[in-house]
Every structure is written in structure tokens, then in C-alpha cells.
Amino acid sequence: MKKDSKVSRRGLLGAGLSAGATAALGGPKVATAAPSAARAGGYDAVSMAMHIHSCFSEGGSNVSGGGGASMMAQLEAARSAGVDVVWWTDHDWRMQAYGYYDGIAFDGTAEDGGLQWIVQNEGTVTGATYAFVSEPRSPDEPGRALRVTAGGTGPGWSGSYLFGKGGNAFYSTNISDTTITVDVLAEAVGTDAALVVQVETSYRPATGGRPAGVYTLDYRVGSEPGRRLDGPLVGVVEVAPEDGWQTLTLRMIDDVRAFWPDLVAEDSGLARLRFGVHARNGAVGSGVFDHLVFHRTRDQLEWPVRTQRDLMRRLAPAYPEITQVLGAELSMIRHLNVFMEDFELYTYPPTGKAPVRDNSVAEAKKAIRWYHDRGALVQYNHPPTKPHELVRTRALGADLMEVANAQGDLVITRNRMGLFDVAARNAIFLTATSQIDDHEGRNWAEKPHLFLTSVWARSTGTRDLLASLAAGRAWCHQQARWPGGRLDLRAGGRSVMGQVLRTRARRVRVNVRAEALPPGSTVRMILGACDRTGATVPLIKTVTMPAAAFANGPVRINVARRQGRYVRVEVHDADGVLLGYGNPFWVLNRRARVAVPRARRLDD
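Residues numbered from 1 in each chain as written. Predicted model: local features only at pLDDT ≥ 70, side-chain atom pairs only at ≥ 80, totals over all residues. Heavy atoms only, no water.

**Student:** So what exactly am I meant to see when it comes to the packing of aromatic side chains here?
**Tutor:** Given two aromatic rings, one states the distance between the centres and the angle between the planes to describe the pair. Per the stated rule, a full pass over the model turns up 24 aromatic pairs. Ring geometry for Tyr346 versus Trp370: centroids 5.2 Å apart, planes at 85°, classification edge-to-face. Placement of Tyr346 in the loop between β21 (336-339) and α6 (361-372) and of Trp370 in helix α6 is noted, with a sequence separation of 24 residues between them. Aromatic rings pair up to connect Tyr98, Phe343, Tyr346, Tyr348, Trp370 and Tyr371 into one cluster. The aromatic ring of Tyr215 is capped on one face by Arg204, whose charged end is 5.3 Å from the ring centroid. (Phe/Tyr/Trp six-rings, centres within 6.5 Å; stacked < 30°, edge-to-face > 60°. Helix = DSSP H or I, 4+ residues; strand = E, 2+ residues; numbered from the N terminus. Lys NZ or Arg CZ within 6 Å of the ring centre and 35° of its normal.)

Written as C-alpha cells, this is what we have:
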């Protein structure tokens, strides 16, 4: 890979670009009659968040908890970042509860699904112990049961819990159709001690006079039967102890509705289940848990789609400026996002508990063909940087590929950019997008590394968005450092970014458009060979220009076709940090034997 060239006629020619007529007089030629900032050839700039998780995914199912994003939280975050379109892409198998636990036996083992028990104490806990005991146990289940004992010294409640961490979050999904039953034996409870089954649901922004936070349901066996709020975000359902074993029934969605009637209750996921004792004022509580059962009513393919569409409809009035589109992230194979008009869930083969992801190329290509047959576009998510496999498999047959890293690791982003250039060199026509992959729904505006994907589209209608993605009329930009950034490549009076021109002409005139550039930033024009040799390294040269060169409009360049070329654009700040990147324009010989997707064809 060659280093950046100086901004000069020699540098432009060396890169396979030629400057316009005025370059020799001290600067690049600036095109006249520049398009407006908001529109280009009848297309609007539309910003999109294309990899977003909500209450149908695993959320904060890790040890520290923290819930997961509700759809409401993500929409609020999108609004703060000025996003026009949110594509919902929850994990498809979590939407289905595919291979999920149907119960927890409390026998102290992994229960054939990677279940772990993690002790978590909160407050001034004393004498906390736990054990998996053979007796007492529920009469409805063989094996062992979980006993927890703990005290609390202060006047406020202290708690000792065991977090049932499901292997690969095998119970985390939307709770709308789910009821839980669990058998409990209250051994020592009273005014100052209670058994607790705690359900951590989703994170929501501040609403209804309540602060932002995770909404939690506590199901307690103690001495104060009834329903009440313990602070604004904790709903308590308490029942009196019975002699011997009793069954608690957790009607979670009904309880969310009852405690917070202003919420769209169905916008709730299940992040963590914890089992333990609350105690205060020196009291000691003790009890046993056994025989937990998940009662789900969902049809695995139809119910999640219907439910999430209904949530989109019900949340839309509060966010009228945001267009919502339903998709999903295929996750029991290599991770792939699916974008289509009438979304359908993929049918996985029947399985038992705790399925394992099939990472094979064959299964990924099979799923992509299944969705292509239904008119979908498929995105290769956070791809491994394996150029040999990418070339051999033609990027699995995907249409789009994530480039920007969700955590802001610019080394990963640069490696993926190199992978993208390998694809471009071999005429594997992909649309480069950004990886947001957000599960939290918190403070997008405070994440300087977060890249949005924008497109030039005729509207925010799904069909128009898909058409722009298929054509490659897309660029990515940091929503904090370059929020109004726009990129385009134009030729012959039309946008050609993402397009493939097969032509007899030896040179093609292209206008490079870069707008709202930050002071001190630079624009890098990357010219790459598209020689289609199967090579697994990029063959590119770079020309760098200052932002000032674009102050009065697009910069005009000529692209020499040679054996095949493409040009794309990057924007970097004064410190060299990547702020944005656009998709390529390919120029090939008219006789080149290359299969070009219909949406990208620009044959002259």
C-alpha cells in the first residue's frame, strides 16, 4: 500500500487521477453549479442507524447487569444524534427464544446450557451463605434446590443474591408473552426479612417524572402482602408465606403495566434473574428456591415480527421525526443483518436446549440465498479480516459490509477498510456501512467514535432506502465530530458513488463532493486498481487535499480507467483521525467480463 501523495499535479497523475484545467495555476478545478447541501439530483441526505438492539436482544445480561435498551431508549438516543432512520436488528434467535431454557432446576450444575451461579451482595450483608441441597426440595422436581441465608445490619434493605447467569443469555428476550413460575420455601421471613426473586428488565430514558434507569420487578415472600413501588423504578409484589412449599407466579408484563401505566409495557426485555434474601435491622432471612418454569406462548416465526411491528407503531407518535424499519441480525450463523420491506425471520433447524452457532461459510451462504430469494439485502457484520476467505467466497454473497468499529478501535476500522479494498480490487461489489451494534440506548451524542451510515435517497420509505443501499449511494460519518458531513461522487450530472461504469473512454471526469468539513480536516482520494486478479492485498494510491479546496464546491478530477479502477473518499481531522468515508465508483473496460448487480450498472 503506497503512502499519501502531496497535493500536486505530479501526485494526481501518479495516482491515476488528472487535475482540471486550473490545477497548474495553483489549485484543483472547482466544479460550478454545485448541488445544494441537502439534496443532490433529486436525492436527500438521510442518516441511518443500521445495527440497533433493543428489548428482543440480550441487553445487560452480564454479571454487572444494567438492563438492556428498550426501543424507547434507542429512539431517544437516535433523536439526540439527529438520526433520520432506525433499522431494528435484534438477534433473530433471541426474538424466537430458539433453543432457550424452558426451566431452571437449581441443582447447582450448568444444566446442559452453561448456567452459572454468581453471588452478588448489596448493602450491609452479614452471614451470607448459599448451598444446593438435596432436602428440602420441591415435590414437583427431582434433584437439588437452592438455599440462601443472609442478614442485614442497617435500617435499609440489604440483599444477598445468586444471579442465574444463563449460558449465552439463554433466557434473555422480550417478556411480553412470558410468565414465570417458581417454587419457594420460606424458612425465616418476617417484617425485616423476605425471600426475593428479582427480574431486571430494560433501560428507559427519563419519562413520566422518573429518572432514566433500569426498571426492576421484585417478587417477595415476606410479611407485607401487597403491591407498591420501592423508589420510582422498582415495583414490588409481595405475598405472605405459606406453610411448606408455595408457587410464585411472575406475570411480568401485567406488573409493568400496573406499576408504570404510562409506559409501553411490552417494550421490556428480561436481562437478569436473581434469587436471594432481603434483610434489615439485624434480621436474618432464609429460604429455598426450586422448579422454575418459563411459560412462553410465542409462535417462533410470527409472534416476534408481529409484536415488534406493533411496538414500532405505538412508539412512533412520540418520535415522529424518526422512521423505523424492522430487520434482524442473523446470529446462529455468522452475524448478518437483513434489510427488506416485509421482514421475515429465518427458519433454523429444530434443536434442543442451548444451540451452538454454525460458523461455516456454507450455512452463511445458504441463509443469504434464502433472503435474496425474498428480495432482501444482507450485510456482513463485523467481518473477520480474512482476505483469502473473502475473495474465495465473494464475501459470502453479501451486499453490504460493516467497516467502522463500534467501540471506536481505529486499528480494526483500518483493517476492515483494507479488507473492503481487497473486495473492491476483485470486483466484489459491496456497500461499506458502519457498525453501531448498540445494546444500551444511552448517550449516543457522547460517543465521539460512533459512525452513522447516510444515504442519498428519494425518501425515507423502505423501498427507497433499500434502493440507495443496493446502489451504494452511502457514506459513513462520525455523528459527534462530523454530524452534518456529506460525501458524494458525481459524473455526467448524476451521483455515481457505489456505481460501476463499463466504458470505452480512457478517462472519466468525476466531481468529488465533501461538505461541512471541519477546520483543519483533509480529504483523501483513494484510487485503487480493480484488476480482478484474486490478489488478497489492496493496490491503492492516495491523494490528500485540504478542506479549503472544497470550500466553494466539488473538486473535479479525471479517473484513468487503465485495466480497471475505483475511487473512494475519506475525511480525516487535523490529527489524522478518520471522520468519514464514502463508497467507491468503479470504472472498467466496456468489454470487462464482470457480473455487476443491476442496481450498480452505469454502462455507457
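**Student:** Is there a simple way to think about the layout of surface pockets in this case?
**Tutor:** If a probe the size of a water molecule is rolled over the atoms, the empty space left behind becomes visible. Considering only enclosed or pocket space, the largest pocket measures out at about 240 Å³ in volume. Lining the largest pocket are 13 residues, with Gly397, Ala398, Asp399, Phe429 and Pro597 sitting closest to its centre. Empty space within the second largest pocket amounts to approximately 200 Å³. Considering the residues around the second largest pocket, the lining is formed by 13 residues, among which Tyr98, Ile333, Tyr348, Pro349 and Glu363 are closest to the centre. (1 Å grid on protein atoms, 1.4 Å probe; cavity = no way out; pocket = protein on both sides within 12 Å on 5 of 7 lines; lining within 4 Å. Points joined across faces, edges and corners; volume = space filled by probe spheres on them.)

**Student:** Any chance you could explain the side chain of Arg565 here in plain terms?
**Tutor:** Topologically, Arg565 is positioned in strand β34 (residues 565-572). Summary of buried charges: Arg565 has no salt-bridge partner, and the nearest side chain of opposite charge, Asp531, is 7.2 Å away. Among residues more than four places away in sequence, those in contact with Arg565 are Leu527, Gly528, Ala529, Cys530, Val559, Ala560, Phe585, Trp586, Val587 and Leu588. (Buried < 20%, exposed > 50% of the residue type's maximum accessible area, 1.4 Å probe, protein only. Lys, Arg positive; Asp, Glu negative; His and termini not counted. Salt bridge = Lys/Arg side-chain N within 4 Å of Asp/Glu carboxyl O. Contact = heavy atoms within 4.5 Å.)

**Student:** What should I look at first to understand the pattern of salt bridges in this one?
**Tutor:** Close approach of charged atoms lets side chains of opposite charge pair. All told, the structure shown has 30 salt bridges when counted by the stated rule. A salt bridge links Arg147 to Glu187, with the nearest nitrogen and oxygen atoms 2.7 Å apart. Highlighted residues: Arg147 in strand β9 (residues 145-152) and Glu187 in strand β11 (residues 178-188), separated in sequence by 40 residues. Judged by relative accessible area, Glu187 falls into the partly exposed class, the value being 36%. Close ionic contact of Asp230 with Arg220 constitutes a salt bridge, the shortest N to O distance being 3.4 Å. Residue Asp230 is located in the loop between β14 (226-229) and β15 (234-239), and its partner Arg220 is located in strand β13 (residues 213-221); the two are separated by 10 residues in the primary sequence.

**Student:** Can you walk me through the environment of Phe420 in this structure?
**Tutor:** Mapped onto the elements of the fold, Phe420 is located in helix α8 (residues 410-425). Taking the C-alpha atoms as reference points, Phe420 and Leu330, separated by 90 residues in sequence, lie 21 Å from one another.

**Student:** Sorry, what's going on with the confidence of the model for the protein here?
**Tutor:** Low pLDDT marks regions whose predicted coordinates should not be analysed in detail. Per-residue confidence for the protein gives a mean pLDDT of 92, with 93% of residues at or over 70. Counted against residues more than four places away or in other chains, residues 1-15, with its pLDDT under 50, gives 29 contacts. Note that residues 19-37 has pLDDT below 50 and, in this model, 36 contacts with residues that lie over four places away or in other chains. (pLDDT = per-residue confidence, 0-100.)

**Student:** Even after reading the chapter, I still don't get the sheet that holds strand β23 (residues 400-404), so can you show me in this structure?
**Tutor:** Backbone hydrogen bonds hold the strands of a sheet together, and the pairing may be parallel or antiparallel. Taken in spatial order, the five strands make up an open sheet running β20-β21-β22-β23-β24, and their pairing is mixed. Two strands bound the open sheet, and with one partner strand each, they are β20 (328-330) and β24 (431-434). Here the strands of the sheet are splayed against their neighbours by 35° on average, with no regard to which way each runs. Where β20 lies against β21, three bridges are found, and the strand directions are antiparallel. Within β21, the position partnered with Ala328 by the bridge is Val338. In the packing of α8 onto the sheet, the strands contacted are β23 and β24, and the crossing angle to β23 comes to about 145°. Along the sheet, helix α9 (residues 462-471) makes contact with β21, β22 (377-380), β23 and β24, crossing β22 at roughly 55°. (Pairing = 2+ DSSP bridges. Axes fitted to C-alpha atoms, helices over the stretch in contact; angles between N-to-C directions.)

**Student:** Hey, could you run me through the side chain of Ser454 in this one?
**Tutor:** By the secondary structure assignment, Ser454 is in strand β25 (residues 451-457). Its relative accessible area of 2% is what places Ser454 among the buried residues. In this structure the side chain of Ser454 is engaged in a polar contact, spanning 2.8 Å, whose partner is the side chain of His477. Not counting residues within four places of it along the chain, the set of residues in contact with Ser454 comprises Val46, Ser47, Arg473, Ala474, Trp475 and His477. (Polar contact = N/O pair within 3.5 Å; in protein donor to acceptor, adjacent residues only side chain to side chain.)

**Student:** Which parts of the structure should I look at to understand the sheet that holds strand β10 (residues 158-165)?
**Tutor:** On the basis of which strands lie adjacent, the open sheet formed by seven strands has the order β7-β10-β17-β12-β13-β15-β14 and mixed pairing. Either end of the sheet is taken by a strand with one partner, and the two such strands are β7 (116-122) and β14. The average undirected angle you get between the axes of adjacent strands in this sheet is 20°. Relative to β10, β7 is paired through seven bridges, and the arrangement is antiparallel. The residue bridging Gln116 from the neighbouring strand is Lys165, located in β10. Across the face of the sheet, helix α4 (residues 252-259) comes into contact with β12 (193-204), β13, β14 and β15 while running at roughly 110° to β13.

**Student:** What should I look at first to understand the pairing of β15 in this one?
**Tutor:** Note: β13 against β15, six bridges, orientation parallel. Of the residues in β15, the one forming a bridge with Leu217 is Gly235. Hairpin remark: β14 followed by β15, antiparallel, with four residues in the connecting loop; positive phi at Gly231, about 85°.

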